[in-house]
Amino acid sequence: GLVAKQSGDVLSSMKNPVRTVSDTISAFYKEYPQPPVLPMYRAFLVDFMTNTHLTIVDVRFKYDAVFALGAVTYYNGLMGSYDKLTAGVGASEKIFNAFCKALDMDPAQVTADAEAVRAYAKATPPGTILTHMEGTAAAPDKRIADAFSGIGSSLYGTSFSIGLFT
């Protein structure tokens, strides 16, 4: 009775600072209202957005350049042929921008961070990368050093995993 009613009043007056998956998906469709995402891509895109959202709202998550590389690589693998099917040059880029903005990420920063890690990985011998990951030597780029320093304490999600093994 009375206790339940009073607790309900307290709970209903509290605001949850964490965005819901629904809020993120709605934000995506506000950023990319038309043309609709092709049905054969929509389910995969929403699943990726949902998983990324759940990763980002986890208190252990810390954005880093390896996460960015994984997100870009996964997205490009998923949407690589989209423009060919829609005959719309740049549609997949517009969708990526809306995807990032819906997740409160800057698409230009995500892309730049991903490219920095990709360039680092191409130019650096595997043994040297391992010393940077272990922390016995410093990575030349702060973004990469920060990503490697957080391996033990940050959330290990799909995008980070893909970025690490790309």
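For the structure itself, consult the block above.
No experiment lies behind these values; they were computed from the predicted model shown. (Residues numbered from 1 in each chain as written. Predicted model: local features only at pLDDT ≥ 70, side-chain atom pairs only at ≥ 80, totals over all residues. Heavy atoms only, no water.)

### A closer look at the layout of surface pockets
Part 1: A volume near 150 Å³ is recorded for the largest pocket.
Part 2: Looking at the largest pocket, it is lined by 13 residues, and the ones nearest its centre are A121, I129, F148, G163 and L164.
Part 3: Elements represented by at least two residues in the lining of the largest pocket include exactly α4 (65–79), α7 (107–123), α8 (126–134), α9 (142–149) and α10 (158–165).
Part 4: Among the residues forming the lining of the largest pocket, the class breakdown is 11 nonpolar, two polar and no charged. (1 Å grid on protein atoms, 1.4 Å probe; cavity = no way out; pocket = protein on both sides within 12 Å on 5 of 7 lines; lining within 4 Å. Points joined across faces, edges and corners; volume = space filled by probe spheres on them. Helix = DSSP H or I, 4+ residues; strand = E, 2+ residues; numbered from the N terminus. Nonpolar A, V, L, I, M, F, W, Y, C, P; charged D, E, K, R; others polar.)

### Considering the nonpolar core
Part 1: With 41 residues, the main nonpolar core has F28, V37, L45, I95 and F99 as its most contacted residues.
Part 2: Every element with two or more residues in this core is listed here: α2 (21–31), α3 (39–57), α4, α6 (91–102), α7 and α9.
Part 3: Once residues lying within four places of it in the same chain are set aside, the contact partners of L45 are F28, V37, Y75, L78, I95 and F99. (Core = buried A, V, L, I, M, F, W, Y, C linked by side-chain atoms within 4.5 Å. Buried < 20%, exposed > 50% of the residue type's maximum accessible area, 1.4 Å probe, protein only. Contact = heavy atoms within 4.5 Å.)

### Let's talk about the environment of K62
Part 1: With respect to the helices and strands, K62 occurs in the loop between α3 and α4.
Part 2: By relative accessible area, K62 is classed as partly exposed at 41%.
Part 3: Expressed as a C-alpha distance, the spacing of K62 and Y156, which sit 94 residues apart in the sequence, is 9.7 Å.
Part 4: Once you skip the residues sitting within four places of it in the chain, K62 turns out to touch D146 and S154.

### Here we look at empty space enclosed by the protein
Empty space left among the atoms is revealed by rolling a probe the size of a water molecule over them.
Part 1: Counted according to the given criterion, the structure contains one cavity of 30 Å³ or more.
Part 2: Put simply, the largest cavity is a space of about 70 Å³.
Part 3: Forming the walls of the largest cavity are T55, F61, K62, D64, F67, G150, I151, S154, L155, Y156, G157 and F160.
Part 4: Tallied by class, residues from the lining of the largest cavity come to six nonpolar, four polar and two charged.

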